[in-house]
Amino acid sequence: MANLGRIAKHPTISLLDSCTTLQEIKQIHTQLLINGHLNDPQLAGQFVATVALKHPNNLNHSHQLLNQIHSPTVFTLNSMIRAHSKGPTPHLAFHYYHQILHNNAYPDNYTFTFLVRACAHIASPTIGLAVHAAMIKHGLDSGAHVQTGLIQLYSELGFLDSSRRLFMQIEDPDMVLQTAMVSAAARSGDVDFARKLFDEMPCRDPIAWNAMIAGYTQCGRSREALHLFHLMQVDGVKVGEATMVSVLSACSHLGALEQGRWVHGYIERKRLEMTVTLGTALLDMYAKCGDVGKAMEVFWMMGEKNVYTWSTAIGALAMNGAGKECLELFSLMKQEGVHPNEVTFVSVLRGCTVVGLVEEGEKHFKSMTQVYNIEAKLEHFGCMVDLYGRAGRLDEAIEFINNMPMNPHTGAWGALLNACKIHGNAKLGELALRNITELEAKNDAAYVLLSNIYADHRNWDQVSNVRQVMKARGVSKVPGCSVIEVDGEVHEFIVGDKSHPRYREIEVKLTDMSRRLKLSGYVANTKPVLFDIDEEEKEDALCRHSEKVAIAFGLISVGEGVPIRIVKNLRVCGDCHDVTKVISRIYNREIIVRDRNRFHHFKDGECSCRGYW
């Protein structure tokens, strides 16, 4: 394909570039015809190839030009295969492959390199295997580009073992092949194997670094992603947009605001272009770290915004409890002529939920199909059940579930079960749990919620029964885990774990917290504790919940006037929620907690959830 550079030097063909319009292409075509240049099959093929590769949106016109050539060269047909392999119609690449065979010509390495790329887009194992077999038949399965493509193809198809076998058969893989295998393994979730290969590479290009960081981020190992990014900086590797998006995603997952701010500063120092993708990732990072003000500042400063940017901003407001502002931004989005998508409506419905606007939510839910022709998905139905349930309209919630056009999912039943916990309806909670466990037999959160409902009513026999059922079915409760970032370092606290180097200081602060809470008149909400034990033991058990330990660490580590930000893997329990409100008042501290459902902004003894948590 290196011939393309020489081809474009023809005075007329060289006029073609990516900005040339179709009308101008036709004018150039006319000049070539008038001057007789297209009588030369080689030159005619060169013209077709240039149009196809520089104007992928005009592939139909390229095809019409190709039909005027009596015997197109393999180079010309390869160009058409290449153009289609990158475009929206990859299956058409095989039409030109068959044309090569029909012309009694021989495909080359480039033919199969582009066909493999087309297979990856089609994601058909049958076609992929057929192409690999054809490579072997023609003796073209040993080229570096072809092998790289095959490794990527089998990974895309979900056959990582096949990718590994291919890689292991290569005696001396070059950096491109090593990078391809690292990328394939990381993308498939086998990050440990990917990291082993990565560490063994004598030289690593930015693609390999990006693949490893993205792999760690996608499988939830965000701390390792950030550590690898630090090593990338130490090695002086050039950082681009792809790396920044992955790193921001890792910061979002951990709630690591300080590191996210550093990344933002790095983007500005390195003058990286603030593309829509990068800007949206930055906005999402600030939102998921609880700094909704900075998130919206990034949003308003972005020159270009697409529907994902708007949806992320709307979601940022919803998850941080600003339901009315969320709906106002949605109205502005529509005024700007941006067509909402299904993600937008999930955020809009959540915005209605956090402020209890049931009728407003019903209106937006109906408008999805009636106005925007967007089919409601399971997540939208789950949001509606949550909206009815949190507002205490449990009869409407169950009626809505019963009238769903598809089988209700765990999200809908889970929302109902949570509403039963809020409003103390054990009977309906039992129904919700039965349906959840039919779909997910080991959903520990559902069992715990129902157990808490019984505990609220001090029905210890039923609490014990739930625990016995969990044990019999092999269901174990996921331990609570809370994460807090201090001075750029992420600290993790797991319930019952005392291994933190400053735990003695934390114990002292926990004792001080308990003393000051009692002096303030706070009485621990011990109802959710699953054991029928005395009150003092229950209070001690509650005191050791991971977010309380994280708050204690925050109080001794985070400077005055700086919000304490915590990320928890489970829902915040009732006692921790109430305690944090009081702590925010008696210590005069702003505390922001992100649990697996939403944000809670605690300040001056109040919470942003307004009772809808």
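Reading guide: rules and limits
Residues numbered from 1 in each chain as written. Predicted model: local features only at pLDDT ≥ 70, side-chain atom pairs only at ≥ 80, totals over all residues. Heavy atoms only, no water. Helix = DSSP H or I, 4+ residues; strand = E, 2+ residues; numbered from the N terminus. Contact = heavy atoms within 4.5 Å. Pairing = 2+ DSSP bridges. Axes fitted to C-alpha atoms, helices over the stretch in contact; angles between N-to-C directions. Salt bridge = Lys/Arg side-chain N within 4 Å of Asp/Glu carboxyl O. Buried < 20%, exposed > 50% of the residue type's maximum accessible area, 1.4 Å probe, protein only. UniProt positions renumbered as here; feature names shortened; annotations may be inferred. Phe/Tyr/Trp six-rings, centres within 6.5 Å; stacked < 30°, edge-to-face > 60°. Parallel < 35°, antiparallel > 145°, perpendicular 65-115°, else oblique. Left-handed = near helix turned anticlockwise from the far one by under 90°. Nonpolar A, V, L, I, M, F, W, Y, C, P; charged D, E, K, R; others polar. pLDDT = per-residue confidence, 0-100.

A. Structural view of the side chain of Asn 341. Mapped onto the elements of the fold, Asn 341 is located in the loop between α20 (323–335) and α21 (342–354). Those residues in contact with Asn 341 that sit more than four places away from it in its chain are Val 307, Tyr 308, Ser 311 and Ile 374.

B. Focus on the sheet that holds strand β5 (residues 599–603). Taking strand neighbours across the sheet as the criterion, the six strands line up as β2-β1-β3-β4-β5-β6 in an open arrangement whose pairing is mixed. Each edge of the open sheet is held by one strand with a lone partner, namely β2 (489–494) and β6 (606–607). In this sheet, β5 lies alongside strand β4 (residues 591–594) in antiparallel orientation, the contact comprising four bridges. Each bridged residue has a counterpart across the sheet, and for Ile 591 the counterpart in β5 is Phe 602. The sheet strands contacting helix α31 (residues 546–557) are β1 (481–486), β2, β3 (564–568) and β4, and the helix crosses β1 at an angle near 15°.

C. Layout of the pattern of salt bridges. Evaluated as defined, the whole model comprises 20 salt bridges. One salt bridge in this structure joins Arg 221 and Asp 192, with 3.0 Å as the shortest N-O distance. Within this pair, whereas Arg 221 is found in the loop between α13 (206–218) and α14 (222–234), its partner Asp 192 is found in helix α12 (residues 191–200), the two being separated by 29 residues in sequence. Across the pair Lys 509 and Asp 512 runs a salt bridge whose closest N-O atoms are separated by 3.7 Å. Taken as a pair, Lys 509 and Asp 512 lie in helix α29 (residues 503–519) at a separation of three residues, close to a single helical turn. Lys 509 gets classed as buried once you look at its relative accessible area, which sits at 17%. By sharing partners, the salt bridges in this structure join Asp 192, Arg 221 and Glu 224 into a single network.

D. Representation of the UniProt feature "repeat: PPR" (unreviewed entry) in the chain. Mapped onto this numbering, the UniProt entry gives "repeat: PPR" (unreviewed entry) at residues 205–239 and 306–340. Taken end to end, residues 205–239 has its terminal C-alpha atoms 11 Å apart, with 74% of it in helix and 0% in strand.

E. Expanded view of the pairing of β1. With six of its six residues buried, β1 lies for the most part within the structure. Burial along β1 is two-sided: the face carrying Cys 481, Val 483 and Glu 485 and the face carrying Ser 482, Ile 484 and Val 486 are both buried. Pairing geometry for β1 and β2, over six bridges, is antiparallel. Across the sheet, the residue bridging to Val 486 is Glu 489, located in β2. Linking β1 back to β2 in an antiparallel pair, the connection comprises two residues, with Asp 487 at a positive phi of about 55°.

F. Focus on the packing of aromatic side chains. Per the counting criterion, the structure on display carries 15 aromatic pairs. Seen in terms of ring centroids, Phe 198 and Trp 209 are 5.0 Å apart; in terms of plane orientation they differ by 85°. Their pairing is edge-to-face. Of this pair, Phe 198 sits in helix α12 while Trp 209 is found in helix α13, placing the two residues 11 residues apart along the sequence. Assessed through its relative accessible area of 3%, Trp 209 is described here as buried. Ring centres of Phe 229 and Trp 262 lie 6.0 Å apart, and the angle between their planes is 70°; this geometry places the pair in the edge-to-face category. Taken together, the residues span a long stretch of sequence, with Phe 229 in helix α14 and Trp 262 in helix α16 (residues 257–269) at a distance of 33 residues.

G. Highlighting the environment of Val 490. Locating Val 490 in the fold gives a position in strand β2. Classification of Val 490 as buried rests on a relative accessible area of 9%. Along the backbone, Val 490 and Gly 255 are 235 residues apart, and their C-alpha atoms lie at a distance of 9.0 Å. If sequence neighbours within four positions are ignored, Val 490 has contacts with Arg 223, Leu 254, Ala 256, Gln 259, Val 483, Ile 484 and Glu 485.

H. Representation of the packing of α31 against helix α32 (residues 574–586) within the structure. Two elements in contact, α31 and α32, have axes separated by 10 Å at closest approach and are oriented at 20°. In this view, α31 runs roughly parallel relative to α32, as classed from their interaxial angle. When the axes of α31 and α32 are compared, the crossing they make is right-handed. Facing Glu 547, Lys 548, Ile 551 and Leu 555 of α31, the residues of α32 in contact are Asp 575, Cys 576, Val 579, Thr 580 and Ile 583. Of the residues assigned to the contact of α31 with α32, the class counts are five nonpolar, one polar and three charged.

I. Fine view of the confidence of the model for the chain. In the predicted model, the chain carries a mean pLDDT of 85, and the fraction of residues at 70 or more is 89%. Segment residues 1–9 is flagged for pLDDT under 50; beyond a separation of four residues in sequence, or across chains, it makes 18 contacts in the model. In the model, residues 530–542 has pLDDT below 50 throughout and makes 25 contacts with residues more than four positions away in sequence or in other chains.

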